[in-house]
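# Close look at the chain arrangement
These are the residues of each chain, in order.
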Amino acid sequence: MKHVAPGGSAQFENTLKVSVWRSDTDGYQTFLVPQQDSQTVLDIVTWIQQNDDPTLSYRFACRVGMCGSCAMMVNGEPRWTCRTHVSKVTQNGGLEIAPLRNLPVIKDLVVDMDPFFDKWVAAEGVFEPSLTRNDPIEVADPTTVQRQQADAAIECINCAVCYAACDSVAADPDYLGPAALNRAWSLVNDVRDAGGGPRLDAISGAGGCQNCHSMGSCAQYCPNDLNPTASIAGLKWETAKSWMKQGWLKW
Amino acid sequence: MIRPHRKHTLWLAFILHRISGLALALFLPFHFLVLAYALNDAAALDGFLKWTDYRLVKFAEFGLVFLLAVHLFGGLRLMALEWLPWSHSQKTLAATAVAGSFAIAGSFFLSAVS
């Protein structure tokens, strides 16, 4: 059976019904997109923009799962669209594509990432060197448990998939969220970092790690198989230890 | 309806823990009321306890014990998750919590109706 794509003259063997969120109408617009082998969700969005509606806005850069800029909600689940095969996520012969949850929408599928990165800064997610350039380089022994914990958390690509999946973020806009806290955890375990005290204060205050309800959605959806829930659990334990040392034992 | 991003074991374990906690909080006033009868009004307590002869009330008691068990095991799971060295067996822990809760509530139910 052949279909004619709206706005296009080409005919295709198989088409996919794709509902895409449009900010001007505050609703979904349906497109018919030709199906191809090994097609990704980002390919679908690109096809629509290039062949059907050039006003469709979306964000991408590398297309190989490194830059973290193309995440969207696909059938209600946050995904990195450049590495998500259409054949694996199609439901009832169609797709529903929307902007990432928990972030303000700029236009169509593009969200404002400022709140996400502001929280990285608020969580003291910046490396604070303990040495100067004049000191000898400090060796980070890869065999220690501490370094392995830092390494396990370090491969974040800032795609905000975890942030969109998190119901604690949805319930409390001040909550720092899984990505920022995961970053803080990797620095807490970095022996070369000297920002420990202020960082622990930042992640244990209002909106900090204790706001996490361990729902595990961040770990469930992280495209790089990181486990921010585990990182946050580690931060909770660190803050508890700090409280016991500084407050409870003196009590 | 559960939204798509919530359809995984740990989120279901979270919501089970939350709902069981709320249900138990609602039950607490009645619990204290009966405790007060036990201390101050033996006749009222006996009258109240007669309700437990009914099968429907027995079934409600099963529900109550199930809620207690599910909340207890859910809490233990959370403490293990947050206070013990992390492992990737969280999902197993969640499943074990539910299974243990069913076992305890089920055995109580069987002993109540036998």
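Residues numbered from 1 in each chain as written. Chains lettered and ligands numbered in written order. Predicted model: local features only at pLDDT ≥ 70, side-chain atom pairs only at ≥ 80, totals over all residues.

### A closer look at the overall build of chain A
Scanning chain A from N- to C-terminus turns up ten helices and nine strands. Every one of the 251 residues in chain A was classed for burial, and the buried ones make up 41%. Considering only intrachain contacts with a sequence separation of at least 6, the fraction spanning at least 24 residues in chain A is 65%. (Helix = DSSP H or I, 4+ residues; strand = E, 2+ residues; numbered from the N terminus. Buried ≥ 20, exposed ≤ 12 C-beta atoms within 10 Å, placed from the backbone. Contact = placed C-beta atoms within 7 Å.)

### Some thoughts on the overall build of chain B
From N to C terminus, chain B includes four helices and zero strands. Counting from the amino terminus, chain B carries its helices and strands in the arrangement α-α-α-α. At 17 Å, chain B has a C-alpha radius of gyration far larger than the 13 Å of a compact globule built from 114 residues. Taken across its 114 residues, chain B has 19% of its residues classed as buried. (Rg over C-alpha atoms; globule rule 2.2 N^0.38 Å.)

### Overview of the nonpolar core
Core analysis: the biggest nonpolar cluster contains 66 residues, and Ile97(A), Ala160(A), Val161(A) and Leu181(A) have the highest contact counts within it. Sort the elements by how many residues they give to this core and helix H7 (residues 178-188) of chain A lands first, with seven residues. Residue-level mapping places this core at the junction of two domains, with at least three residues from each of domain 1 (3-110) and domain 2 (114-248) of chain A. Those residues in contact with Ala160(A), other than ones at most four positions away along the chain, are Ala71(A), Leu100(A), Leu103(A), Met113(A), Phe116(A) and Ala179(A). Ranked by size, the runner-up nonpolar core spans 13 residues in total, among them Phe14(B), Val70(B), Phe73(B) and Leu93(B). (Core = buried A, V, L, I, M, F, W, Y, C linked by C-beta atoms within 7 Å. Domains from an automatic or database assignment.)

### Some points on helix H8 (residues 196-204) of chain A
Residues and elements named next belong to chain A. Looking only at H8, the buried set comprises Arg199, Leu200, Ala202 and Ile203. Burial along H8 is one-sided: seen end-on, the buried residues are contained in an arc of 160°. Exposed and facing more than 90 degrees away from the buried side of H8 are Gly197 and Pro198. (Arc of directions from axis to C-beta.)

### Looking at the domain arrangement of chain A
When the parts come together, some accessible area is lost, and that loss is often what is quoted as the size of the interface. All names here are of chain A. What the domain assignment lists for chain A is domain 1 (3-110) and domain 2 (114-248). When each unit is reduced to the centre of its C-alpha atoms, the spacing between domain 1 and domain 2 is 32 Å. Counting from both sides, the interface comprises 15 residues of domain 1 and, opposite them, 15 residues of domain 2. Elements that contribute at least two residues to the side of domain 1 that touches domain 2 include exactly strand S5 (71-74) and strand S6 (77-80).

### A short note on the interface of chain B and chain A
The interface is formed by 13 residues belonging to chain B together with 16 residues belonging to chain A. Only helix H1 (9-40) and helix H3 (55-83) of chain B provide two or more residues apiece to the side of chain B that touches chain A. Residue contributions to the side of chain B that touches chain A peak at four residues, all from H3(B). Looking at the side of chain B that touches chain A, its residues break down into eight nonpolar, three polar and two charged. (Nonpolar A, V, L, I, M, F, W, Y, C, P; charged D, E, K, R; others polar.)

### Looking at the pairing of strand S7 (residues 94-98) of chain A
Residues and elements named next belong to chain A. Note that strand S3 (residues 15-22) and S7 share four bridges and pair parallel. Looking across to S7, one finds that Ser19 is bridged to Glu96. Both S5 and S7 contribute to a ladder of two bridges, which runs antiparallel. Across the sheet, the residue bridging to Val74 is Ile97, located in S7. (Pairing = 2+ DSSP bridges.)

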